[in-house]
Amino acid sequence: MTALTPYLRLRARFSRIAALEEASSILHWDSSVVMPPKAAPARGEQMAALATAAHAILTDPATAVDLDAAEADAARLGAEDRANLALMRRKHRRATALSADLVEAMARATSACEAAWREARKASDFPAVAPLLAEVVRLVREQAAALSAATGLARYDSLLDGYQPGLTDSRLVALFGPLQAMLADVLPAALARQQAQPPPIPLPGPFPVEAQRALCRSVAERAGLDFSAARLDESTHPFCGGTPTDIRITTRYDESDPTQAILGVLHECGHALYEANLPKAFARNPLGEAAGMAVHESQSLIVEMQAARSDAFLSWLGPRMHAAFGGDPSPYAPENLARLWRRVRPGLIRVEADEVTYPAHIVLRWRLERALVLGDLAVTELPSAWNDGMRDLLGLAVPDDRRGCLQDIHWYDGAFGYFPSYTLGAMAAAQLFQAASADRPEITVALGQGSFAPLVAWLAERVHAHGAAHGLDGLLERATGRSLDPAAFERHLRARYLGE
């Protein structure tokens, strides 16, 4: 080790950190998929130990010494290595802002809270998890204050920046205000247009879970998922985890409707393909990571929302669904699937929301989590604030907390600042899909044959291969010629739902 240059020592050190984080990711998958409930306390200790060990390596004084030395000699490095070094510095700055005790406490608290949330969600019992969530929120506020002091960012901005570098609350205000105004125009028009059309034929059911599993695996393979380096399992909340060479995606099955399972798998495949195609030369180093969660969500949504719900892909999928489930073929006709899966209908559940109403779910969560972080909302007030927000934004009454503030895992797992990435990702996905389709017309033809290969190849070249080098706007500028442009999302919505 001593014979290596400071930069190469840093690469080795960050590789060890990444290996610990990979182990933590696998343990997290295990806890969500197969871990017995009584193992939760021990799992919390394991997660805390891994988080503390990774934090110790990153904040070791030797890391700071090598960063200073490598930066002083950065002219000798190539462009990619200089970018990797800058990302190392960013990680070090954020890590040293947090004490080891806080990192350990956060790992323990989120592990306990997440385990309790699973049971509370089933029982629609928010009071059962509220004290644990209050502890998570207390630690998140402490974390935000420490990061703010170290980075000069506002407290909530310091959390947003952890999920999508450079993202600020002021930018969200600038984006979400016009977005809400646009949706207020599009939503009633889309509902009126739907009302004038024949209603969709419901999928007949029941849909045996085994048949859904087989179809979902087949669809994942068509999307490009390599099952020699991936798994598909079940969990309460679908997710993509693991590592780029050991990808773990999950979904959940409903025997009355296969929609959530199929589209959920395609969504997670988008995440998985991004991870699998990240630059291998910088594996386990910062440049070899994703460019942020808004970028990550753009990759899942371009697969699920843009490609999988297109007329072309539905023309391929419909007959496969009929073959899998049998019965009357008419509900599986592509035009009927389009009416079903592109139907606009305000609902309570974010992961089941249509493209037009989905941003309202994110605006609600953005408002509430910001208030929780800043101390303007107490955890005990969360259910009533949630219910008021759903009434104001979508005109819906929330009947129970399971379909209200207990529906998402994010806050119970400590992920404050994540939610805005979903809608930014939807905007970016529309922009990327429009550019990709114009650049490679064969994408539409291939989707009609059940193949995502041309689309994934374009994304691998324009997005995946750059890792974390350029950030959200930088990647979009290189791929589409402009930074994040909400107009692309509006064009997509108006074309798909208003026929404009």
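On a predicted model such as this, the values are computed, not experimentally measured, just so you know.

What counts, and at which threshold
- Along each chain, residue indices are assigned from 1 in the same order as the chain's sequence is written.
- It should be noted that, the model being predicted, local features are given only for residues of pLDDT at least 70 and side-chain atom pairs only at 80 or more, the latter also being counted only at that level, while totals for whole chains, interfaces and linings use all residues.
- Computation of side-chain values: all heavy atoms of the structure, hydrogens and water removed.
- Any two rings among Phe, Tyr and Trp, with Trp reduced to its six-membered ring, count as a pair given centres within 6.5 Å; such a pair is stacked if its planes are under 30 degrees apart, edge-to-face if over 60, and tilted if neither.
- Throughout, exposure labels follow a simple rule: accessible area from a 1.4 Å probe, protein chains only, divided by the maximum for the residue type, with under 20% read as buried, over 50% as exposed, and the rest as partly exposed.
- Criterion for a charge above a ring: Arg CZ or Lys NZ at most 6 Å from the ring centre, at most 35 degrees from the ring normal.
- The numbering of helices and of strands both runs from the N terminus, where a helix is a DSSP run of H or I of at least 4 residues and a strand a run of E of at least 2.
- Throughout, disulfides are identified as pairs of cysteine sulfur atoms within 2.5 Å of each other.
- Throughout this description, the term salt bridge denotes a Lys or Arg side-chain nitrogen within 4 Å of a carboxyl oxygen of Asp or Glu.
- In these notes, a set of buried Ala, Val, Leu, Ile, Met, Phe, Trp, Tyr and Cys residues joined through side-chain atoms within 4.5 Å is what counts as a nonpolar core.
- Residue contacts are counted whenever heavy atoms from the two residues lie within 4.5 Å of one another.

J.: Quick one: what's the story with the packing of aromatic side chains, residue by residue and with numbers?
T.: Tallied over the full model, the rule gives twelve aromatic pairs. Geometrically, the ring pair formed by tryptophan 411 and phenylalanine 416 is stacked, given 6.0 Å between the ring centres and 15° between the ring planes. Of the two residues, tryptophan 411 and phenylalanine 416, both sit in the buried class. Ring centres of tryptophan 411 and phenylalanine 419 lie 5.7 Å apart, and the angle between their planes is 85°; on these two criteria the pair is classed as edge-to-face. In this structure phenylalanine 419 comes out as buried when scored by relative accessible area, which is 1%. An aromatic cluster is defined as three or more aromatic residues linked by ring pairs; in this entry it consists of Tyr163, Tyr358, Trp386, Trp411, Phe416, Tyr418, Phe419 and Tyr422. The ring of phenylalanine 227 carries arginine 217 above its face, with NZ or CZ at 3.9 Å from the centroid.

J.: Provide a residue-level description of the environment of glutamine 197, including the pertinent values.
T.: The topology assignment puts glutamine 197 in the loop between α8 (169-195) and α9 (209-223). Since its relative accessible area comes to 33%, glutamine 197 is described here as partly exposed. Taking the C-alpha atoms as reference points, glutamine 197 and arginine 339, separated by 142 residues in sequence, lie 9.3 Å from one another.

J.: Could you give me a rundown of the state of the cysteines, with the residues and numbers involved?
T.: Per the counting criterion, the structure on display carries zero disulfides. Considering cysteine sulfurs only, cysteine 269 is the nearest to cysteine 216, which forms no disulfide, with 9.2 Å between them. By relative accessible area, which is 1% here, cysteine 216 ends up buried. Cysteine 240 forms no disulfide, and the closest cysteine sulfur to it belongs to cysteine 269, at a distance of 8.4 Å.

J.: Any chance you could break down the pattern of salt bridges for me, citing the residues and the numbers?
T.: Counted under the stated rule, the structure contains 38 salt bridges. In this structure, the salt-bridge partner of arginine 231 is aspartate 233, at a minimum N-O distance of 2.8 Å.

J.: Which residues make up the nonpolar core, and what are the values?
T.: Core analysis: the biggest nonpolar cluster contains 140 residues, and Phe126, Leu266 and Met321 have the highest contact counts within it. With residues up to four places along the chain from it excluded, the contact list for leucine 266 reads Val219, Ala223, Ser300, Val303, Ala308, Phe313 and Phe452. By size, the runner-up hydrophobic cluster in this structure holds 18 residues, among which are Phe14, Leu67, Met88 and Ala468.

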